[in-house]
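Report on the structure
In case you want the letters, here they are:
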Amino acid sequence: CKPKWQSRLFVLVGTFLFRFKDENSSSIKGSPVPCESITCEISDGDSSFGYEFTIATLRKTITVRAETEEDRAKWLAAIRAEKQLAIRLRLGHASLNPLHKDAYTAGVRGWRRRLRDDRTRDGISDAMGTEMAVLSGGSAMITPSGGMMGMT
């Protein structure tokens, strides 16, 4: 069964990537993803369908697409910057932006809930334990012009 493209809103704030059904959603879809555990790669593909890239963690890979090559570059740069900030925060070389404290707190709470639920249901694999160890926190939000599509 081939996955189908679904429109989703992604918000990057507080060193977490949040996914929402759309811009009118008030609740997060799925678990927040700590940027420290994300790797991104540009996908090879036909740009007539958008500019694809992957957002991967040890647990999941999501293929997304931006409407323009510039939007994709902005998202990739923003995710990489948040990842670096999360590492600096964990090492004590940066401080959390007070404006993003609530988003960071929500991200940590949602991520820990997901890990607890997984532990209860399945136990912890080495990969899950490794990813669980990379939680940290906080910085800027970027929402490039144009939308993104997520494959679920």
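The structure presented is a predicted model; accordingly, all values stated were derived computationally and were not measured.

Rules behind the numbers
Along each chain, the written sequence defines residue order, and numbers are assigned to residues from 1. Restriction of local features to residues with pLDDT of at least 70 applies here, the model being predicted, together with a cutoff of 80 or more for giving and counting side-chain atom pairs; totals for whole chains, interfaces and linings are based on all residues. Note: side-chain values were computed over all heavy atoms of the structure, leaving out hydrogens and water. Secondary structure is summarised from DSSP: a helix means a run of H or I of at least four residues, a strand means a run of E of at least two, and numbering begins at the N terminus for each. Exposed residues in this analysis have more than 50% of their type's maximum accessible area, buried residues have under 20%, and partly exposed residues fall in between, with area computed by a 1.4 Å probe over protein chains only. Contact criterion: two residues are considered in contact whenever any of their non-hydrogen atoms come within 4.5 Å of each other. Using a 1.4 Å probe, the Shrake-Rupley method yields the accessible areas, and only the shown protein chains count as cover for residues. For the purposes of this section, nonpolar cores are sets of buried Ala, Val, Leu, Ile, Met, Phe, Trp, Tyr and Cys residues that join through side-chain atoms within 4.5 Å. Space inside and on the surface of the protein is sampled on a 1 Å grid over the protein atoms alone, with a cavity defined as a set of points where a 1.4 Å probe fits but cannot get out and a pocket as an open set with protein on both sides within 12 Å along at least 5 of 7 lines; lining residues have an atom within 4 Å of a point. Grid points are joined across faces, edges and corners, and a volume is the space filled by probe spheres set on the points. In this classification, Asp, Glu, Lys and Arg are treated as charged, Ala, Val, Leu, Ile, Met, Phe, Trp, Tyr, Cys and Pro as nonpolar, and every other residue, Gly included, as polar.

Here we take up the overall build of the protein chain. Counting its secondary structure elements, the protein chain contains 3 helices and 8 strands. For the protein chain, the N- to C-terminal ordering of α and β elements is β-β-β-β-β-β-β-α-α-α-β. Within the protein chain, the fraction of its 152 residues that count as buried is 40%. For the protein chain, the proportion of contacts with a sequence separation of at least 24, taken over those separated by at least 6, is 62%. For the protein chain, the exposed surface amounts to about 8,800 Å²; the carbon and sulfur share of it is 50%.

Before going further, it helps to spend a moment on the nonpolar core. If you look at the biggest cluster of nonpolar residues, it comprises 15 residues, and the most contacted ones within it are Leu12, Leu17, Ile38, Phe53, Ile55, Trp75 and Ile79. Within the residue set of this core, elements represented by two or more residues are β2 (9-13), β6 (51-56), β7 (61-66) and α1 (69-91). Excluding residues within four positions of it along the chain, leucine 17 makes contact with Phe10, Val11, Leu12, Pro32, Val33, Cys35, Ile38, Ile55 and Trp75.

With that settled, the discussion passes to the layout of surface pockets. When its volume is computed, the largest pocket comes out at roughly 300 Å³. Contributing to the lining of the largest pocket are 17 residues, with Ser31, Val33, Lys60, Ile62 and Arg114 lying nearest its centre. Of all the elements in the fold, those that place two or more residues in the lining of the largest pocket are β3 (16-20) and α2 (101-122). When residues in the lining of the largest pocket are grouped by element, the largest group, 3 residues, is from β3. Considered class by class, the residues forming the lining of the largest pocket number 8 nonpolar, 3 polar and 6 charged.

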